[in-house]
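Fold and geometry: a report
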Amino acid sequence: MIVCLAVVGHENNPLYIQSFTESDDALKLHHIVHCSLDVIDERVNNPKKSSPTINEAFLGLLYPTENYKVYGYLTNTKVKFILVTTDLDIRDADVRNFFRKFHAAYVDAVSNPFHVPGKRITSRTFGERVSTIVKSFGLSSAS
Amino acid sequence: MAPAAPKSGDVIFASVDRVNAELFTLTYGAIVRQLITDLEEVEEVNKQLDQMGYNIGVRLVDEFLAKSSVSRCVDFRETADVIAKVGFKMFLGVTASVTNWDADGTTCSLILEDNPLVDFVELPDTCQGLHYCNILSGVVRGALEMVSMKTEVTWLRDMLRGDDVFELQVKLLKQVPEEYPYKDDE
Amino acid sequence: MVREVSESCVESLLAEIVLSYCSGFYANKPELAARRIEAIGFQVGHQLSERYTMDRPRFTDNLEAIKFICKDFWSELFKKQIDNLKTNHRGTFVLQDNRFRWLAHMSIDPSVQASGNIQDPSAMAENKSAQATGMHLYFPCGIIRGALSNLGIECAVSADISNLPACSFVIRIKA
């Protein structure tokens, strides 16, 4: 289950953060998101030269904690997506697939003429689209 | 020479130079946003968009008549139909339908279920009085004026305000008869 | 399927932007009109680069981003690529389109140039049609600047049409 999603701008400004859990571990999730930003910076600034996917948007698993797995994604426009999940045996392909759909939703949201770049995304349509994608996460394991 | 038969909107749209609709959609959105910044009052923005549309309608009507081979319509009913089926299609790639005729045939509604102007658009709460697509009403008014029909065009339904379709009411105020004093071959 | 509209729609909008800002609100303030038109372009470029880079790996340097503007980005907008790219290797790039579509349908005074800062607005105001042509270039300049800005490249963009029907866009990256 996805418990938290975050979009963070290129100056580490929060653009969107949403928890999908009933329990009140919001603070903990925010902390995880915050820590993952450093991991992303570290990973992007010191890429493994051998990796064939050196500049790919999908950054893979950022770090595992006892209860969560944290994945990252970095767009060409230096926007970070962070996904926190409680599924511990998750497939990379599913996460990639998720981020691709999430990225498309994000791009449409910032194409709204009234969206101000760098400001929080308040779009209702975006929220609805994201919750649909979150619900379908891992279900379409065909790929 | 017999006039060429009018072409369908689909045929014409397939034959004109086309561009990626995103460019059009985003450009229009950026214009609206900039106008809101510069004019401040939403009512002024509505007026300006209508004026821009009017200018465009006046200019596009020649291209429309030339490419569609539509002979000038005399009848308002027929004209409304051509605008909906051919005009909208050949420029925006979408077709409108015509409904809600009044008894004396001078008022009708153009219904749009799909409209490339509003892809990605969500109105902020501060812009509730904005007729985001007001450029379209201006285009219709301008084009009709060039074929001697003076009209009043009003938005009745707007998908950005939660309606299920866009509904543009077109009311014929005055039809100026066209003057053709001499025929060319006389 | 990619959604399309008639090219006349886009050309009509561009003509109306110039008309509204130059003859309307800012008739006697061409430098203000220019800034507004550029701002409209900037927003469009910013949004388009977000859309058009969606399925691409991240660019490693400025040259790669500029090449993206010349190829994919230009192709999306004009169905052709930039014809010639030159650079002084110190942050200035010149992108030449041998037949720039947005000027193709206009009659043009070749003595006009547009740039981020108009040198002599009063001289331009003397010639309304020349001014209008120059004004048409602020929109594409804004698009390029907006697109690059969103890719993390802050720059100034100006246009040169001394060689019509070619149009050159000069990008100066801020150090």
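That block above? That's the structure.
Basis of the calculations
- Residues numbered from 1 in each chain as written.
- Chains lettered and ligands numbered in written order.
- Predicted model: local features only at pLDDT ≥ 70, side-chain atom pairs only at ≥ 80, totals over all residues.
- Helix = DSSP H or I, 4+ residues; strand = E, 2+ residues; numbered from the N terminus.
- Contact = placed C-beta atoms within 7 Å.
- Buried ≥ 20, exposed ≤ 12 C-beta atoms within 10 Å, placed from the backbone.
- Pairing = 2+ DSSP bridges.
- Nonpolar A, V, L, I, M, F, W, Y, C, P; charged D, E, K, R; others polar.

1. Considerations on the environment of Asp97(C)
Residue and element names in this part refer to chain C. Structurally, the position occupied by aspartate 97 is in strand 3 (residues 92-97). Separated by 15 residues in sequence, aspartate 97 and isoleucine 82 have C-alpha atoms that sit 5.0 Å apart. Dropping the residues within four chain positions of it, aspartate 97 is found in contact with Ile82, Asp83, Ala166 and Cys167.

2. Some thoughts on the environment of Thr85(A)
Position of Thr85(A) among the secondary structure elements: in strand 5 (residues 80-85). In the structure, Thr85(A) is positioned 36 residues away from Ile121(A) in sequence and 22 Å away in space, judged by C-alpha atoms.

3. Some words on the pairing of strand 5 of chain A
All names here are of chain A. Where burial is concerned, most of strand 5 is hidden: six out of the six residues are buried. Side chains of strand 5 alternate between two faces, with Lys80, Ile82 and Val84 and Phe81, Leu83 and Thr85 buried alike. Summarising the sheet, strand 1 (residues 2-8) and strand 5 pair through six bridges and their orientation is antiparallel. Counted as the bridge partner of cysteine 4 is valine 84 from strand 5. The sheet contact formed by strand 4 (residues 69-74) and strand 5 spans six bridges and is antiparallel. Within strand 5, the position partnered with valine 70 by the bridge is valine 84. Once strand 4 ends, the chain turns through five residues before running back antiparallel as strand 5, passing lysine 78 with a positive phi of about 65°.

4. Observations regarding the interface of chain C and chain B
Counting residues at the interface gives 26 residues for chain C, matched by 29 residues for chain B. Secondary structure elements with two or more residues in the side of chain C that touches chain B: strand 1 (4-6), helix 1 (7-25), helix 2 (30-52) and helix 3 (62-78) of chain C. The element contributing the most residues to the side of chain C that touches chain B is helix 1 of chain C, with 11 residues. When its residues are assigned to classes, the side of chain C that touches chain B shows 13 nonpolar, six polar and seven charged.

5. So, the interface of chain A and chain B
Contact residues are listed per partner, giving eight residues for chain A and nine residues for chain B. Here the residues of the side of chain A that touches chain B sort into two nonpolar, four polar and two charged.

6. Remarks on unusual backbone geometry
Each neighbour pair has its own omega, and for Leu164(C) with Pro165(C) the value is 5°, a cis peptide bond. Summarising the element assignment, Pro165(C) is placed in the loop between strand 5 (155-160) and strand 6 (167-173). Of note in this structure, Lys78(A) is not a glycine but carries a positive phi near 65°. Along the chain, the position of Lys78(A) falls in the loop between strand 4 and strand 5. A positive phi angle is found at Asn100(B), which is not glycine, with a value near 55°.

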